[in-house]
Amino acid sequence: MFLSKTKQKSTKLLPLLPLRDITMFPRMIVPLFVGRGKSVRALDLAEERQNIILLVTQKDAKDDAPNPSDIHEVGVVSEVLQILRLPDGTVKALVEGLYRAKIVRFCDDADDYFEAEVREIAPEPEVTPEIEALMRAVNSKFEEYVKLSPKLPPETVVTVANTEDPDRLADIVSTHMAIKITDKQRLLEIVAPQERLQILVQILDAEIEILKIERRIRGRVRNQIEKSQKEYYLNEQMKAIQKELGAKDDPKTEIIKLRQKVKDAGMPPEAEEKAVKELNRLEHMPPMSAEGTVVMTYIDWLVSLPWSKRTRDKLVIKKAERILDEDHYGLEKIKERIIEYLAVRRLVKDKIKGPILCFVGPPGVGKTSLSKSIARAMGRKFVRLSLGGVRDEAEIRGHRRTYIGSLPGRIIQSMRKGKSKNPVFLLDEIDKMSTDFRGDPSAALLEVLDPEQNNAFSDHYLEVDFDLSEVMFITTANVIHRIPQPLKDRMEVISLPGYTEEEKVRIAEQFLVPKVIKAHGLKSNNLKFSSGSLSHLVRRYTREAGVRNLEREIANICRKVAKRIVQEGKRYQEVVIARNMHRFLGPARYLPYKVEEKERVGLATGLAWTEVGGDILAIEVIVMEGRGNLILTGQLGDVMKESAQAALSYIRSKSKELGLQSGFYRRQDIHVHVPEGAIPKDGPSAGITMATALASALTERAVRKDVAMTGEITLRGRVLPIGGLKEKILAAHRAEISTVLIPRQNEKDLKDIPKKVCRAMKIVSVDHMDDVLSVALVPALEQNIIKSDPVEADQPIFSQDYQKIPVSGEITKH
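Residues numbered from 1 in each chain as written. Predicted model: local features only at pLDDT ≥ 70, side-chain atom pairs only at ≥ 80, totals over all residues. Heavy atoms only, no water.

Asker: Looking at this structure, I do not really get the nonpolar core. What am I missing?
Answerer: If you look at the biggest cluster of nonpolar residues, it comprises 54 residues, and the most contacted ones within it are F359, I374, L527 and I554. With eight residues, helix 17 (residues 501–519) is the largest single contributor of residues to this core. Those residues within four positions of L527 in sequence are excluded, and the remaining contacts are I517, L522, I557, C558, V561, E574 and V576. Membership of the second largest hydrophobic core comes to 53 residues, among which are L19, L32, A42 and V201. (Core = buried A, V, L, I, M, F, W, Y, C linked by side-chain atoms within 4.5 Å. Buried < 20%, exposed > 50% of the residue type's maximum accessible area, 1.4 Å probe, protein only. Helix = DSSP H or I, 4+ residues; strand = E, 2+ residues; numbered from the N terminus. Contact = heavy atoms within 4.5 Å.)

Asker: Looking at this model, I keep getting lost on the packing of helix 7 (residues 253–264) against helix 8 (residues 269–283). Mind explaining?
Answerer: Two packed helices can be described by the angle between their axes and the distance between those axes. At a closest axis distance of 10 Å, the pairing of helix 7 and helix 8 adopts a crossing angle of 175 degrees. Between helix 7 and helix 8, the angle is such that the two are roughly antiparallel. Counted together, I255, L258, R259 and V262 of helix 7 and E272, A275, V276, L279, N280, L282 and E283 of helix 8 form the full contact between these two elements. Of the residues assigned to the contact of helix 7 with helix 8, the class counts are seven nonpolar, one polar and three charged. (Axes fitted to C-alpha atoms, helices over the stretch in contact; angles between N-to-C directions. Parallel < 35°, antiparallel > 145°, perpendicular 65-115°, else oblique. Nonpolar A, V, L, I, M, F, W, Y, C, P; charged D, E, K, R; others polar.)

Asker: Can you help me understand unusual backbone geometry in this one?
Answerer: Excluding glycine, most residues fall at negative phi; most peptide bonds, likewise, are trans. Of note in the backbone geometry, Q50 takes a positive phi value of approximately 65 degrees without being a glycine. Within the secondary structure, Q50 is located in the loop between helix 1 (37–48) and strand 3 (52–57). Within the chain, K419 stands out as a residue other than glycine whose phi angle is a positive 55 degrees. Structurally, K419 is set in the loop between helix 14 (410–418) and strand 9 (424–428). A relative accessible area of 60% means that K419 is categorised as exposed.

Asker: Just checking my understanding: could you explain the pairing of strand 9 for this structure?
Answerer: In regular strands, side chains alternate between the two faces of the sheet. The element strand 9 is largely enclosed, with a buried count of five among its five residues. Side chains of strand 9 alternate between two faces, with V424, L426 and D428 and F425 and L427 buried alike. For strand 8 (residues 382–386) and strand 9, the ladder comprises five bridges, and the chain directions are parallel. Across the sheet, the residue bridging to V383 is F425, located in strand 9. In this sheet, strand 12 (residues 472–477) lies alongside strand 9 in parallel orientation, the contact comprising four bridges. In the sheet register, L426 faces strand 12, and the bridge partner there is I474. (Pairing = 2+ DSSP bridges.)

Asker: Where do I start with the pattern of salt bridges in this structure?
Answerer: Pairing between side chains becomes possible if they bear opposite charge and their charged atoms approach one another. Within this structure, the stated rule accounts for 44 salt bridges. Of the charged contacts in the structure, one is a salt bridge between D325 and K335, with a shortest N-O distance of 2.9 Å. Taken together, the residues D325 in helix 10 (residues 317–327) and K335 in helix 11 (residues 332–347) connect sequence positions ten residues apart. Look at K335 and you get buried, because its relative accessible area is 7%. A salt bridge links E492 to R337; the shortest N-O distance between them is 2.9 Å. In this pair, E492 sits in strand 13 (residues 492–495) while R337 sits in helix 11, placing the two residues 155 residues apart along the sequence. Residue E492 is classed as partly exposed on the basis of its relative accessible area of 31%. Salt bridges sharing common partners tie together R27, R100, D167, D171 and R196. (Salt bridge = Lys/Arg side-chain N within 4 Å of Asp/Glu carboxyl O.)

Asker: Sorry if this is basic, but what is going on with the sheet that holds strand 13 here?
Answerer: Through backbone hydrogen bonds, the strands of a sheet pair up, either in parallel or in antiparallel fashion. Pairing in this open sheet of five strands is parallel, and the strands run 8-9-12-7-13 from one edge to the other. Each having just a single partner strand, strand 8 and strand 13 make up the two edges of the open sheet. Pairs of neighbouring strands in the sheet enclose a mean axial angle of 20 degrees, with direction left out of account. Each of strand 7 (356–360), strand 12 and strand 13 touches helix 11; the most contacted strand, strand 13, lies at about 145 degrees to it. In this fold helix 12 (residues 367–378) packs onto strand 7, strand 8, strand 9 and strand 12, with an angle of close to 165 degrees to the strand it touches most, strand 12.

Asker: Even after reading the chapter, I still don't get the packing of aromatic side chains, so can you show me in this structure?
Answerer: A ring pair, where both rings are aromatic, is described by two values, the distance of the centres and the angle of the planes. Considering all chains together, one arrives at six aromatic pairs under this definition. The cationic tip of K38 hangs over the ring face of F114; the distance from NZ or CZ to the ring centre is 4.6 Å. Directly above the aromatic system of W301 lies the positively charged group of R416, at a separation of 4.0 Å from the ring centroid. (Phe/Tyr/Trp six-rings, centres within 6.5 Å; stacked < 30°, edge-to-face > 60°. Lys NZ or Arg CZ within 6 Å of the ring centre and 35° of its normal.)

Asker: Would you explain the packing of helix 18 (residues 533–541) against helix 19 (residues 548–568) in this entry?
Answerer: Across the interface, helix 18 lies against helix 19 with an axial gap of 10 Å and an inter-helix angle of 115 degrees. When you trace helix 18 past helix 19, the crossing you get is right-handed. Residues L537, V538 and Y541 of helix 18 lie in contact with helix 19, whose contacting residues are L550, E553 and I554. Split by residue class, the contact of helix 18 with helix 19 holds five nonpolar, no polar and one charged. (Left-handed = near helix turned anticlockwise from the far one by under 90°.)

Asker: How should I be thinking about the side chain of T163 in this particular structure?
Answerer: Summarising the element assignment, T163 is placed in the loop between helix 3 (155–161) and helix 4 (166–176). Only 2.9 Å separates the side chain of T163 from the backbone oxygen of T159, close enough to count as a polar contact. (Polar contact = N/O pair within 3.5 Å; in protein donor to acceptor, adjacent residues only side chain to side chain.)

Asker: Would you explain the environment of V516 in this entry?
Answerer: As for its placement among the helices and strands, V516 is situated in helix 17. Between the C-alpha atom of V516 and that of Y99, which follows or precedes it by 417 residues, the distance is 81 Å. Setting aside anything within four residues of it in sequence, one finds V516 in contact with E551, I554, A555 and C558.

Asker: Just to check I follow, could you spell out helix 9 (residues 290–304) for this structure?
Answerer: Think of an α-helix as 3.6 residues a turn; residues three or four steps apart then line up on the same face. Over its 15 residues, helix 9 extends 22 Å from the first C-alpha to the last, a length consistent with the 21 Å expected when each residue adds 1.5 Å. For helix 9, the complete set of buried residues consists of G292, V295, Y298, I299, W301, L302 and V303. Against helix 7, helix 8 and helix 14 lie the buried residues of helix 9. (Expected span 1.5 Å × (residues − 1).)

Here you go:
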């Protein structure tokens with residue numbers, strides 16, 4: 001919208017170059033670096049057409065491929081003065097703005113560059129008394145702006161003051177001001193010099209006020225620096241006075257004490273030589289010097305480290321087993337590994353290298369508490385270092401003493417805190433580390449966790465080697481894939497999968513309930529849980545792989561009982577059963593996975609792994625009239641989308657065997673949806689589930705409601721192995737699913753699954769997708785019966801000729 005009369009000009013067809021982070025004005029000469037393909041092509045075209053080009057600012061500077069709608073309508077027709085082509089393909093061009101122009105239309109003929117039909121817009125030349133007043137105001141304020149701004153040379157004021165044309169004056173001032181691109185574009189689009197000058201006066205007033213504030217801030221900082229220097233001078237005078245007052249004291253007393261500490265610390269020769277050298281330096285320094293304080297702190301760190309102090313391991317195997325069993329239920333593999341280490345220690349009298357274990361499992365399964373139990377069983381000190389959020393290498397190796405306030409790294413700090421050379425050292429949340437410009441802490445840990453190197457760990461602050469070879473390092477992580485491979489290679493990884501329902505009930509009975517009752521000041525006769533109440537609590541009020549939420553819910557019940565005891569007296573007793581649990585915890589938070597009342601077409605049940613254990617994954621497929629599109633919804637990741645594509649390709653390749661018409665996919669749209677769309681999902685293990693749901697929807701054969709499955713699919717229908725089998729089987733068990741299909745190559749993982757769970761369901765091993773469909777899809781005879789004679793929810797939906805798959809713990813092979 002232009003607010004003054006303009007001279008109507010004829011239109012021209014010019015190449016167009018979109019600008020980023022700059023707005024061009026008439027009579028403005030600037031260099032441009034051009035790298036985008038369309039822009040380089042536009043420059044080439046301008047070179048062929050008398051070096052004339054239209055420069056227009058794009059609306060979003062981050063947009064690398066703008067459309068015509070992303071470019072402003074008003075720009076500047078410019079002349080290309082010089083072009084320099086650089087070796088990397090970019091072009092440096094020197095351009096000069098000629099006049100304003102408005103885009104009439106974009107040309108659709110060119111694909112590799114922008115070309116537009118433009119019309120020059122220019123104001124009627126007029127100088128009224130009001131314009132003259134505005135010009136004087138702009139000159140005055142711009143002069144004040146230049147005085148306050150450190151970026152503009154004073155010669156700019158002379159150039160502006162000698163400009164008599166209001167149009168040119170407004171453009172020159174707009175060019176030199178450091179304002180937003182949007183404000184400059186606004187000034188460019190206004191044709192009338194009077195209106196432009198009015199807006200410039202307002203912008204100059206605002207910018208002058210900001211510059212004044214910045215000047216006040218700079219002055220305040222300068223005064224603060226002068227104050228700090230004054231305080232330092234006075235402090236030095238006070239130190240001199242204190243030195244005179246304390247002249248009668250022996251200045252060598254502290255040095256003598258430190259020498260004795262160095263002698264008693266049991267340092268290796270290298271460290272002791274370094275400490276003595278620093279003591280000699282300290283002895284010749286003024287007592288109150290800043291360098292003396294740094295040296296004193298350094299020597300104090302050296303003498304306080306456990307160079308030779310160590311605890312004696314308890315090598316009684318029976319006692320260690322008893323302590324581990326007292327503190328934790330299950331976890332047989334880890335307990336066995338600790339007992340094996342103690343047995344080796346008992347046989348080998350010489351010093352052996354400490355093991356480096358990595359406990360990997362979901363939150364709440366007892367990784368951290370297990371480390372404390374290991375320290376108690378071995379009779380060692382326990383130190384813990386949380387690595388969550390650590391992103392600075394100096395957190396591990398420390399800072400060099402040249403920095404003010406430098407300290408050793410957290411490894412050395414923890415060793416000082418543990419007061420032992422051979423503690424159980426827990427590096428918690430090792431998968432939560434990150435990296436930035438300050439270094440990679442995981443790379444620094446490579447030396448710490450390498451038994452071949454950690455006998456000479458180098459901390460930047462200490463500047464001498466420290467022996468970590470006797471330390472028993474234990475690391476914990478929730479997921480193994482976030483740990484860098486070189487670091488993972490140095491550790492012995494032990495997985496802690498989620499607990500089964502039976503294990504959670506046992507843990508609650510033996511550990512959590514007594515612990516929480518005691519913590520809330522109750523006695524065992526005040527609160528009791530019935531045999532089925534804990535199972536109900538686990539099923540309906542918690543959903544986790546560990547037991548943290550279970551402990552919180554038990555504590556919630558204890559608080560309610562404690563309140564009643566205070567109100568009614570200490571003789572109050574409460575027995576918690578499944579039926580009255582809602583009085584303490586409210587209605588059940590989690591309902592069990594409900595198996596469909598009857599077989600459904602296009603609905604298959606899959607199994608998923610999460611950081612808190614396994615889960616059930618329903619996959620729905622519907623077929624509609626369309627044009628052969630595959631629609632995927634449910635916030636699926638790239639790998640899961642590719643699995644769906646592979647599953648559909650397999651179904652298309654088997655269309656004849658499945659009784660599908662040739663070219664069925666050209667006339668139909670297929671929609672695959674995974675419910676709980678707010679939760680991101682990814683991974684290849686849902687491949688056979690998607691293929692089963694697709695086959696069901698396309699053949700109109702229902703999927704058995706009591707069958708769940710997991711496995712990756714190939715284009716030829718092979719079923720490949722997956723991870724997290726134990727968690728997935730446990731999820732199917734909780735959902736009361738009777739048959740689970742797994743890849744044959746995962747049979748080796750069944751030994752980790754509790755035998756009770758295996759006996760409660762039928763586990764079928766499959767090699768090919770044909771095996772999956774033969775088990776998962778309802779035969780055609782039953783399908784007809786289900787369609788023609790729907791039954792009630794509590795009646796069986798199978799024909800008399802069909803026998804259900806028996807429930808057993810054996811592995812069925814096809």
